[in-house]
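# Residue-level structure breakdown
Below are the chains, spelled out letter by letter.
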Amino acid sequence: MGKTVSIFNQKGGVGKTTTCVNLSAALGAKGKKTLLVDVDPQGNSTSGLGVDKASVDKSTYELMVDKVPAKEVIIETEFKDLWLMPANMNLAGAEIELAETENRFKALKSALAGIVLDFDYIIIDCPPSLGLLALNALTASDTLIVPLQCEYYALEGLSQLLGTVRTVKQHYNEHLELEGVVFTMYDSRLKLNQQVIAEVEEYFPQKTYKTMIPRSVKLAEAPSFGKPVIYYEKYSRPSFAYKKLADEFLKKQNV
């Protein structure tokens, strides 16, 4: 199958990396061979899967800038059917170096071309800004998932994000489509949450996931233990939510 999906939002703090780590882990747990590609210089997806960023020998920096073969960058994690292309702070300098190259928007796509068919799904964790790294991720992707916090300002950012997607489609990747919008940090007690959800569902009637990711202490704790929440606290509310999101995602793929 080899479908590539970016998890992207230009706004930080919306649960982007949390969704990357936990959706990838949930897909792997369901027997789907999944690769998480970390192209965020913060490397939070890397540490969230229990990999020490400081000890990484080859990262997505070497993949994109030095053109190290993808198979040399991939790490097999301790979690079922889940592999990782790690990132560390070296990646922060990649945008400057890529800017001077001819195919600066397609470095990641070219790097992944040889391994796309080795996986059922490739999930890309993008940085929370629209720079060369994010553009590389979107150019390399078939679709994108937008994590959206249930608050008013999220709606303002959404229109800006859709403008970005249109630009990417027009100039770099005409096949890019919106996979879906997933609501994060959901609290059913807050009326504002319901208002935001209603407005987004009206705007994207077929593109909003029914599964809401709840606010949770367990979800916040899991990265410090280097584990996705479905392995850290498998009977918790966010664990069930991400498993349900994976089911919903797979159903859309007709799998």
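For the structure, check the block above.
Definitions and cut-offs
- Residues numbered from 1 in each chain as written.
- Predicted model: local features only at pLDDT ≥ 70, side-chain atom pairs only at ≥ 80, totals over all residues.
- Heavy atoms only, no water.
- Buried < 20%, exposed > 50% of the residue type's maximum accessible area, 1.4 Å probe, protein only.
- Helix = DSSP H or I, 4+ residues; strand = E, 2+ residues; numbered from the N terminus.
- Pairing = 2+ DSSP bridges.
- Core = buried A, V, L, I, M, F, W, Y, C linked by side-chain atoms within 4.5 Å.
- Contact = heavy atoms within 4.5 Å.
- Polar contact = N/O pair within 3.5 Å; in protein donor to acceptor, adjacent residues only side chain to side chain.

What follows deals with the pairing of strand β7 (residues 177-184). The buried fraction of β7 is high, at seven of eight residues. In this sheet, β7 lies alongside strand β6 (residues 143-149) in parallel orientation, the contact comprising seven bridges. The residue of β7 that forms the bridge with V146 is V181.

Below, the discussion takes up the nonpolar core. Among the nonpolar cores identified, the biggest contains 54 residues, and L35, V37, M85, L108, I124, L144 and V200 are the most heavily contacted of them. Excluding anything up to four places from it in sequence, V37 contacts T60, M85, L108, L112, I122, I123, I124 and D125. Ranked by size, the runner-up nonpolar core spans 31 residues in total, among them I7, V21, I230 and A246.

The subject of this paragraph is the environment of K80. Along the chain, K80 falls in the loop between β3 (75-76) and β4 (82-85). For K80, a relative accessible area of 45% gives the class partly exposed. Spatially, the C-alpha atoms of K80 and K30 are 8.6 Å apart, while their sequence positions differ by 50 residues. Contact partners of K80, with chain neighbours within four places excluded, come to G28, A29, G31 and Y231. At 3.4 Å, the side chain of K80 forms a polar contact with the backbone oxygen of A29.

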